[in-house]
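Structural features, examined
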Amino acid sequence: MRPKSKNNKTLTAILLIAPFVLCYLVVFAYPVYKMFAMSFTDAPLIGEGDWVGLENYVRMFQHKLFYTSVYNTLYFVGLTVVPNTLIGLGIAMMIVRLNGMVQAGILILFFMPYILPVTVVTQIWQWVLDQQFGVAQPLIEAVTGKRISVFRDPLWAMPMVALVTIWWTNGFNVLLFISALRNIPQDYYEAASLDGASRFQQFRRITWPLLWPVTALVLTLQLILQLKIFDQIYLMTQGGPFNSTYVLLQLVYREAFGRNQGGYASAVAVALFVLIVIVSVLQYQLLKARGKS
Amino acid sequence: MGNMKTGNILLLTFTVIAACAWAFPLYWAIVTSIKPEADVVAGTIFLPETIDISSYVWALLETNIVRWYINSIGTSVLITVVVIMISMMCGYALSQIVFPGRRALFLIVLASFMVPSQALVVSQFILMHKFGMVDSWAGIILPQVIIPVVVIVYKQFFDSVPRELREAAKLDGCSEFQILFKLYLPLNWGITAALSIITFIMAWNNFLWPFLVITSEEMMTITVGITQVGDAFGVKYARDMAIAVMAAMPVAIAYLIFQRRVTQAIMLSSGIKG
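It should be emphasised that the depicted structure is a prediction, and the values quoted were computed from it without experimental measurement. (Residues numbered from 1 in each chain as written. Chains lettered and ligands numbered in written order. Predicted model: local features only at pLDDT ≥ 70, side-chain atom pairs only at ≥ 80, totals over all residues.)

1. Here we look at the overall build of chain A
Rule in force here: We count a stretch as a helix when DSSP gives it H or I for four or more residues in a row; a strand needs E for two or more, and each element gets its number in order from the N terminus. Here the globule rule is a power law, 2.2 Å times the number of residues to the power 0.38, and the radius of gyration is based on C-alpha atoms. Every C-beta atom is placed from the backbone, and the number of other C-beta atoms within 10 Å of a residue's own sets its class: buried at 20 or more, exposed at 12 or fewer, partly exposed in between. Any residue pair is listed as a contact if its two C-beta atoms, each placed from the backbone, are within 7 Å.
The helix and strand inventory of chain A stands at 12 helices and zero strands. Taken from the N to the C terminus, the helices and strands of chain A come in the order α-α-α-α-α-α-α-α-α-α-α-α. Here the C-alpha atoms of chain A give a radius of gyration of 24 Å, more than 25% beyond the 19 Å that 2.2 N^0.38 yields for 293 residues. Structurally, chain A occupies a C-alpha span of about 80 × 70 × 30 Å along its principal axes. When the 293 residues of chain A are sorted by exposure, 42% land in the buried category. Considering only intrachain contacts with a sequence separation of at least 6, the fraction spanning at least 24 residues in chain A is 69%.

Listed below in structure tokens is the structure:
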């Protein structure tokens, strides 16, 4: 009786996991393997290639556009990750102090952009920032003295893509911070104000330290997300002007689909892959540390 | 005390102004979309004097938007159904059944969190080409059905279902499949709802993959399709905004109806049990 029931159990388990495992192997694990394998060949996008060893990687490290892409990707990460986290925290702190319907309404206004497709976001901002008729141009004119076609100006393009990205993705951070702020017991603040602590002291001594684990989580999630920047850039600047917004994933796209260099594109993809896995391992360590404390 | 009240009113005022400024581009997009094209560029009128829906009519009649809607709804619904089904079953097995390789599978799924799917687009495209699925619904759907975090969330929730319920069902002679679909699934409808909505929204909003795998205008999802309109007809902002509003409408409405579920799903998938 025993062994049979055990076999039955295993069979049931196999039936239950089979659909997921099969899909996983085909559309997830195999592409990971294929990406690494192809990066050592001179394959075009479609079709086989010959083994060329590390040639693609050597080429990558001699490719000027690769360095440009790495630099721009990191520049974009620098412009978005920390500001997006701090702005999210600020907005969350404003929202938690409200109540009821007002709170719900305000949260919707801040969160709504996050739910929109990227193409809708870029269409809206291209209109808002349009050089001739954009509603934001008087603001830019007031600051700089002239109207600027922001996505065609090497100086303005990346900061503006970053601004649009922050507007688009900030709601996610707000949600995480709101839930973290709600978890801080109210008594802490009451005790602190009885002791005569100012608002700023309360923030520094209570809110900030208790919030740190979530802040670290938001920072790493942001870092991973923004390293994968492609959509907004492709839709708003196509990497220009003069490659000033060219990023890593766009290099993958160009080499594979524009120049039919499957092997080389895979090598660049591997670089991005490794970079993100390293950051994710760091994030995992942070989460684990958080789980223990 | 009076002082604190003033402070609160100041803060409230500031928050409201900030929120309105933040949402202004959304308001502006909607307002632009209901203006006649001639008024759009004639200075900045904040509220339209006459409402003109001709841009919407134009989008419906002159673009492929209906096709794109059908493609988006069809692929997003199918992705959601497949993701939920396969992840739920796998999560259940990981949670409730002891089988060889269970721990290994769990660790593999967990490790997959780190894999950036964007880096896989080249090899996934090659795979879809081999399958003859380029420019088809299957091509859009297949690479999007693996979302490891959904498996883990299901496992966690199934873990916390009381053991006694399971034992009782076993005594009644229920099979594992019956226990899953008649006991564990109904007990966790909330989670299924939350995960379904967020999966649907993510599938609807995905740009990069459908953009790569679809080559004809008729097969595009709406998220990709709306970028074609400007290219083909020159810049007409009322029309651009009308079509953008139409592309965003379904997910915006889904969010407004299921706000709490969306929030819950975001918390769950970022590792905060909410």
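2. A look at the overall build of chain B
Per the secondary structure count, chain B includes 15 helices and zero strands. In terms of overall dimensions, chain B is more spread out than a globule: its C-alpha atoms have a radius of gyration of 24 Å, far above the 19 Å expected for 274 residues. The principal-axis extent of the C-alpha atoms belonging to chain B is close to 75 × 70 × 35 Å. Counting only residues that meet the buried cut, chain B has 43% of its 274 residues in that class. Counting contacts in chain B only where the partners sit at least 6 residues apart, residues at least 24 apart contribute 75% of the total.

3. Quick look at unusual backbone geometry
The residue after G240 of chain A, namely P241 of chain A, is reached through a cis peptide bond having omega -10°. With respect to the element layout, P241 of chain A can be found in the loop between helix 10 (231-236) and helix 11 (248-258). With a phi close to 50°, F242 of chain A is a non-glycine residue in the positive phi region. Assignment of secondary structure puts F242 of chain A in the loop between helix 10 and helix 11. F242 of chain A sits in the exposed class, given 10 other C-beta atoms within 10 Å. Phi at D135 of chain B takes a positive value of approximately 65°, unusual for a residue other than glycine. Summarising the element assignment, D135 of chain B is placed in the loop between helix 6 (121-130) and helix 7 (137-141). Judged by the 15 C-beta atoms lying within 10 Å of it, D135 of chain B falls in the partly exposed class.

4. Topic: the interface of chain B and chain A
The condition is simple: Throughout this entry, Asp, Glu, Lys and Arg are counted as charged residues, while Ala, Val, Leu, Ile, Met, Phe, Trp, Tyr, Cys and Pro are counted as nonpolar. The remaining residues, Gly among them, count as polar.
Taken together, the 71 residues of chain B in the interface contact 65 residues of chain A. A per-element tally of the side of chain B that touches chain A places helix 1 (residues 2-33) of chain B first, with 13 residues. A breakdown of the residues in the side of chain B that touches chain A according to their chemical character gives 53 nonpolar, 16 polar and two charged.

5. A closer look at the packing of helix 3 (residues 64-96) of chain A against helix 9 (residues 199-227) of chain A
All names here are of chain A. Rules: Inter-axis angles, ranging from 0 to 180 degrees, are taken between N-to-C directions of lines fitted to C-alpha atoms, where helices are fitted over the stretch in contact. For any pair of crossing helices, the crossing counts as left-handed if the nearer helix is rotated counterclockwise from the farther one by less than a right angle, and right-handed if it is rotated clockwise.
Between helix 3 and helix 9, the shortest axis-to-axis distance is 9 Å and the interhelical angle comes to 145°. Between helix 3 and helix 9 the crossing geometry is right-handed. For the pair formed by helix 3 and helix 9, the contact residues are T73, F76, V77, T80, V81, N84, T85 and G88 on the first element and T215, V218, L219, Q222, L223, Q226 and L227 on the second. Taken together, the residues of the contact of helix 3 with helix 9 break down into seven nonpolar, eight polar and no charged.

6. Overview of the nonpolar core
Inclusion rule: For this entry, the nonpolar core is defined as buried Ala, Val, Leu, Ile, Met, Phe, Trp, Tyr and Cys residues connected by C-beta atoms within 7 Å.
Formed by 162 residues in total, the largest nonpolar core has its most connected members in V252, V268, A269 and L272 of chain A together with A244 of chain B. By residue number, the principal contributor to this core is helix 7 (residues 157-182) of chain A, which donates 16 residues.

7. Focus on the packing of helix 3 of chain A against helix 11 of chain A
Residue and element names in this part refer to chain A. Contact pair helix 3 / helix 11: the axes reach a minimum separation of 8 Å and the direction vectors enclose 145°. Side by side, helix 3 and helix 11 meet where L65, F66, S69, V70 and T73 of the first sit next to L248, Q250 and L251 of the second. Among the residues making up the contact of helix 3 with helix 11, the classes are represented as five nonpolar, three polar and no charged.

8. Regarding the environment of I124 of chain A
Looking at the element boundaries, I124 of chain A is found in helix 5 (residues 118-128). Taking the number of C-beta atoms within 10 Å as the measure of exposure, I124 of chain A has 26 and is therefore buried. Taking C-alpha positions, I124 of chain A is 9.8 Å from V164 of chain A, a pair spaced 40 residues apart along the chain. Not counting residues up to four positions away in its chain, the partners in contact with I124 of chain A are P25, A29 and A244 of chain B.

9. Remarks on helix 11 of chain A
Residue and element names in this part refer to chain A. Across the 11 residues that make up helix 11, a large majority, eight, are buried. Among the residues of helix 11, L248, L249, Q250, L251, V252, Y253, E255 and A256 are the ones counted as buried. Of the residues trailing helix 11, N260 is marked for its positive phi of about 55°.

10. As for the environment of I226 of chain B
All names here are of chain B. Within the fold, I226 resides in helix 13 (residues 222-233). The buried category is assigned to I226, around which 25 C-beta atoms lie within 10 Å. With 159 residues separating them in the primary sequence, I226 and R67 have C-alpha atoms 12 Å apart.

11. A closer look at the environment of L210 of chain A
All names here are of chain A. By the secondary structure assignment, L210 is in helix 9. The partly exposed category is assigned to L210, around which 15 C-beta atoms lie within 10 Å. Sequence spacing of L210 and L181 is 29 residues, and the spatial spacing of their C-alpha atoms is 8.6 Å.

12. Some details on the confidence of the model for chain B
Residue and element names in this part refer to chain B. Rules: The quantity known as pLDDT measures the predictor's confidence residue by residue, on a range of 0 to 100.
With 93% of its residues at a pLDDT of 70 or more, chain B shows a mean pLDDT of 90. Of all helices and strands in chain B, the one with the weakest mean pLDDT is helix 2 (residues 37-41) (78), whereas helix 7 scores best (97). At the level of chain-chain contacts, confidence expressed as ipTM amounts to 0.91, with global pTM at 0.92.

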